[in-house]
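# Report on the structure
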Amino acid sequence: MSRATIAPDRRAEVAPAGRTGPRERARLSGDGLAGYLFLSPWIIGIVLLTLGPMVTSLYLSFTDYDLFNAPTWIGLENYQRMFTDARWLRSVQVTAIYVALAVPIKLAAALAVAMLLNSKRAGQGFYRAAFYGPSLIGGSVGVAIVWKMMFSDDSVVDQVLLKFGIDTGGWAGNPDFSLMMLVLLATWQLGAPMVIFLAGLKQVPRELYEAAEVDGAGRARRFWSITLPMISPVLFFNLLLETINAFQVFTSAYVVGGPNGQPAGSTLFYTIYLFDRGFGDYRMGYASAMAWMLLLGVGLVTVFLFRTARGWVFYSGDSGDKR
Amino acid sequence: MGALKRFRVLATSMVALLAVACGGGGGGGDETQAGPATLRFSWWGNAERAELMQKAIDLFQSKNPEIKVTPSFQEFEAYWQKMATETAGGNAPDVLQMDFAYIREYSERNALYDLKKQEGKNLELGDLLTGLKGAGEIDGKLYGVPTGGNTWGYIYDPALFAQAGVEEPKEGWTWDDYRDAMKTIAEKTGVSGGGNYVGSYYNLELQLRQEGGLLYTEDGKLGFDKARLKEFMEEGKALADGKTVLPIEKGVQIKPAFALEQKLVAGDLGWDNFMSRYAKSNPGLKLGPVPTDKAGTSGQYLKPSMLLSVSQKTEHPAAAAKLVSFMVNDPEVGKIFGANRGLPPTNAQRAAAQLEGPLAAVAAYEDALKDKFGKTPPAPPKGAGTLEQAFIRITEELQYGRITPDQAVDQFFTEAEETLGS
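Residues numbered from 1 in each chain as written. Chains lettered and ligands numbered in written order. Predicted model: local features only at pLDDT ≥ 70, side-chain atom pairs only at ≥ 80, totals over all residues. Heavy atoms only, no water.

Turning next to the overall build of chain A. For chain A, the helix and strand inventory stands at 17 helices and 2 strands. In chain A, which comprises 323 residues, the proportion classed as buried is 42%. Long-range contacts, defined here as pairs at least 24 residues apart, represent 66% of the contacts in chain A between residues at least 6 apart. When the accessible area of chain A is evaluated, it comes to approximately 17,900 Å², of which 66% is carbon and sulfur surface. (Helix = DSSP H or I, 4+ residues; strand = E, 2+ residues; numbered from the N terminus. Buried < 20%, exposed > 50% of the residue type's maximum accessible area, 1.4 Å probe, protein only. Contact = heavy atoms within 4.5 Å. Areas by Shrake-Rupley, 256 points an atom, 1.4 Å probe, with all protein chains shown as cover.)

See below:
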């Protein structure tokens, strides 16, 4: 807008004939217009593909909608029904357990690998790529199928465990282990948080370690007192991202457990149940309500994490006595 | 110059595009007069079926040069997700493959065209096998034409029966004989006697029909009470606990393969046309009579394995009906498909199909049963697909020992009430 007023001559050149007032003309002219044009793919995208469907879904969540007939308004019924729906409660439970297991295990593994790779040794580039690799393919259907086969009766995992005298049978068919199998699949894809941890570790000043060493601090002490506090912003960032991601796990769970969350409902994730209700049972209103509940739940967890972050995340520039 | 001018051009062309996309409009005119048309045709299946389908479509187009067919396919589950969204979006294909479990659901939702209007004009139905005639009819309207039929039968491996010293099933064997046979085989050979017996509600249907009942009544209610279901659940639980049938954790792991395919069981009740699939890896299999406690009443019927329906919103009902008619009547098509869609639905196609090996066995099996088949039940109520899934899910938990038979019965009835009630 301001640019347009600087160049009145150009505005005159393209001003359309007609009733448009001067303000209108200014908006549509020259650079302003070009700006909007360049923005338009994003604006169209967000309005048509994100905002539109979101508003629709919010409306549908208060209706009984079976995809074929027009939705009928039923108020909060969908939301109320969830709390007496045994499968909904199960899906919340499964998802909560998964998040509580997968996120810490994956972050711990990513941090451990990042620390191993944060030293100057030959072939670092190769190892970094090798550890990042699974993140590129891990979310695919193919890998999930292979994963399920690896954890079936008499397959690799079963046989290796038997060598150590542990007889669990195939994890894929055992409701007590099937979720753990998916936790391991997530952990295997530790590439993204690992790279971020690595960047964080590089930022920790060497002098701190040297000083600590002079004072006689051991490895563990250095880790707890220097590394962790220094990378806490990165840790927090990873924690947020991974938590939000973990709530939305779908592909691998669908391949392993199908719409029923086999075996015996042990992999009935929230997203799987949502999908099954919407596209399997054609209860789109209920599925929409579930989607909004998920958003609410993830939002609450995120707020909670931000609250706790005040106690343990230190940004450089914070002085110690502020704590 | 003018960015605005460019913008106007862009806007105009976009409006034009939208107009084209939303356009179309009513076909109008005589519904039975087939003119030039392009039909969208969707089905579920795999690459193998797609190849056969393409051959049949090519043949249809060469005989009806004014009609063009554009096909698309998905596997079963994805197919129904796509159909649901396309139908909801008013964008359903002209001709679509239909499952018996969904036909009422789609017709009640006004998604299907009444083919009665085309019968005798563009659609020939006279040659359909007795059990399949009228199978796609609901409340006097014709919403689908079967393209294949199959029946619930007993498929078994005679070698394992011999190894265990158990007599092969013969006409008139009872449910007790059946359970004893499974038990003896499991004990003597180490191979499970049967598959997921309690997980299939078609086993329950078979028993109900033998007792003179139905799985779903004419008015779309459950055809059995809690006590009857409990009996079935307890029976299934006993078979699972006694390790007579394949352990559920094994069945879950081999999915989507079948136990008979992997030689994990000595026999199983199931759709007879699956023989062709099992026989690829397990060629010694045979088809036998189903157990019954009422001699002479097997409870079996000819079920449409799949149907073809025409979308309510099609602009070319006459051309669509022609395609459907061609798919069920043309002998060449019967030859192309063999038993891929179930056994061919019409006498002409069955004669042309030249079935060999295991498929010939299936055809002979159905032929022998022809006069004993009971009446094909009414199309299952809306939500039957959901309930079948619930049955699978609940019986799985039962076999894992997570719930008791009583809880299983209660869960199923709760879900049935929710699903059928609304």
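Moving on, we get to the domain arrangement of chain B. Residues and elements named next belong to chain B. Per the domain assignment, the segments of chain B are domain 1 (37–148 + 303–355), domain 2 (152–196 + 245–291) and domain 3 (197–243 + 383–422). One C-alpha centre belongs to domain 2, the other to domain 3, and the line joining them spans 22 Å. Of the residues lining the interface, 16 residues belong to domain 2; the matching set on domain 3 comes to 16 residues. The contact between domain 2 and domain 3 buries some 1,500 Å² in all, and 61% of this surface belongs to carbon and sulfur atoms. Counting the surface domain 2 buries against domain 3, the share from its top three residues, W152, N196 and V245, is 37%. Put simply, domain 2 and domain 3 have 1 salt bridge between them. A salt bridge links E235 to R179; the nearest nitrogen and oxygen atoms lie 2.3 Å apart. Along the contact surface separating domain 2 from domain 3 lie 8 residue pairs in polar contact (both at pLDDT 80 or more). For the side of domain 2 that touches domain 3, the elements supplying multiple residues, two or more each, are helix 6 (175–189), helix 9 (248–254) and strand 8 (267–271). Among the elements that take part in the side of domain 2 that touches domain 3, helix 6 stands out by supplying 5 residues, more than any other. (Domains from an automatic or database assignment. Buried area = accessible area lost by both parts, 1.4 Å probe. Salt bridge = Lys/Arg side-chain N within 4 Å of Asp/Glu carboxyl O. Polar contact = N/O pair within 3.5 Å; in protein donor to acceptor, adjacent residues only side chain to side chain.)

Further remarks concern the layout of surface pockets. Residue and element names in this part refer to chain A. Of the voids in this model, the second largest pocket is the one considered here, and its volume is about 730 Å³. As for the second largest pocket, its lining consists of 18 residues, and the residues nearest its centre are M115, N118, S119, R206 and Y209. Those elements giving two or more residues to the lining of the second largest pocket turn out to be helix 6 (86–117), helix 11 (191–203), helix 12 (206–214) and helix 13 (219–230). In terms of residue count, helix 13 provides more of the lining of the second largest pocket than any other element does, 4 residues in total. Residue composition of the lining of the second largest pocket, by class: 7 nonpolar, 3 polar and 8 charged. (1 Å grid on protein atoms, 1.4 Å probe; cavity = no way out; pocket = protein on both sides within 12 Å on 5 of 7 lines; lining within 4 Å. Points joined across faces, edges and corners; volume = space filled by probe spheres on them. Nonpolar A, V, L, I, M, F, W, Y, C, P; charged D, E, K, R; others polar.)

All names here are of chain A. Mapped onto this numbering, the UniProt entry annotates "transmembrane region" (unreviewed entry) at residues 33–60, 96–117, 129–147, 177–201, 222–241 and 284–306. A distance of 36 Å separates the end C-alpha atoms of residues 33–60, which is 100% helix and 0% strand. Here residues 129–147 is 84% helix and 0% strand, with 21 Å between the C-alpha atoms at its ends. (UniProt positions renumbered as here; feature names shortened; annotations may be inferred.)

All names here are of chain A. Cis rather than trans, the peptide bond between Q262 and P263 has omega equal to -10°. By secondary structure assignment, the location of P263 is in the loop between helix 15 (251–257) and helix 16 (270–280). For Y282, which is not a glycine, the phi torsion comes out positive at approximately 60°. Within the fold, Y282 resides in the loop between helix 16 and helix 17 (284–312).

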